[in-house]
Amino acid sequence: MMRVLSSTCLVLSAAALLGACAPRESETAKATEPAATDVATAPMIKLPVSINATMVALVDHASEPLWVDAYVAPTTEARWQEAQYNAYQLAVAGKLIQLEGTGPNDAVWVADPTWKAIAEELSAAGMDALSAAKATDVALLDKAGSRIVAACEDCHKKFKPDLPTMGLFKSPNYPPKSE
Ligand code: HEC
């Protein structure tokens, strides 16, 4: 019995040794060839904060001064430049809110095709605002502003009907009083 066992061990050890030495070549090949599955298995990009925080700190923060600009037209190049930056932020925000963040409902929201469609609309409205700001055209900015509000309201009605609606002019710093 002992003899059988030890010879089995010997065979297994030999196989293990062979196994340890044999695959070198194919391993090297694997490391240098691009793996076809890399894209499919790549970890999904997630926001480091909640969508709610992104709303407050980015979406709301960028949109509010744009609405104010449509009422009280920027009079300096610097303020039109600010309007451009806010428009860029909104256009990008529409894409960012299609990524899940740390909020409890975020994953469900971003998986919804309606969410994606309205977020795209927000992004497109932000691009309208960018064109308006580049052209320093307050009438166009007003039009873009209406398109932006429609996207906010559309999404809030569908996805946060029980939460308080945003006020358009929350921050006391807009518009800047003098320049
Ligand atoms: C694609 C959907 C979507 C769009 C577009 C959207 N929101 Fe939101 N927003 C939400 C959801 C959902 C919440 C609540 C998130 C939570 O509670 O986790 C929220 C929360 C907020 C909040 C914080 C809660 C509150 O009501 O004060 C603000 C402020 C806000 N959004 C402003 C805006 C503004 C301004 C716009 C447009 C410029 C906008 N949102 C566009 C879905 C959207």
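Preceding block: the structure.
Residues numbered from 1 in each chain as written. Predicted model: local features only at pLDDT ≥ 70, side-chain atom pairs only at ≥ 80, totals over all residues. Heavy atoms only, no water.

## Some words on unusual backbone geometry
Phase 1: The phi dihedral of T136 is positive, around 45°, even though this residue is not glycine.
Phase 2: By secondary structure assignment, the location of T136 is in the loop between α7 (113-134) and α8 (138-159). (Helix = DSSP H or I, 4+ residues; strand = E, 2+ residues; numbered from the N terminus.)

## Some details on the coordination of the iron atom of the ligand
Phase 1: In this structure, M55 (SD) and H156 (NE2) serve as the protein donors to the iron atom of the ligand, at separations of 2.0 to 2.3 Å.
Phase 2: Relative to the metal, the six donor atoms surrounding the iron atom of the ligand lie at angles of 86 to 179°, and the coordination shape comes out octahedral. Of the two residues, M55 sits in helix α4 (residues 51-71) while H156 sits in helix α8, which places them 101 residues apart along the sequence. When sorted by exposure, M55 lands in the same class as H156, which is buried. (Donors = N, O, S within 2.8 Å, 3.2 Å for Na, K, Ca; no water. Tetrahedral: all angles 85-135°; square planar, octahedral: opposite > 155°, others 65-115°. Buried < 20%, exposed > 50% of the residue type's maximum accessible area, 1.4 Å probe, protein only.)

## Regarding the pattern of salt bridges
Phase 1: Evaluation of the coordinates by the stated rule reveals six salt bridges.
Phase 2: Note that D154 is salt-bridged to K158, the shortest N-O span being 2.9 Å. Taken as a pair, D154 and K158 lie in helix α8 at a separation of four residues, close to a single helical turn.
Phase 3: Exposure remark for D154: the relative accessible area of 32% places this residue in the partly exposed category.
Phase 4: Among the ionic contacts, a cluster of salt bridges with common partners joins E121, D128 and R147. (Salt bridge = Lys/Arg side-chain N within 4 Å of Asp/Glu carboxyl O.)

The values are spatial; any link to function lies outside them.
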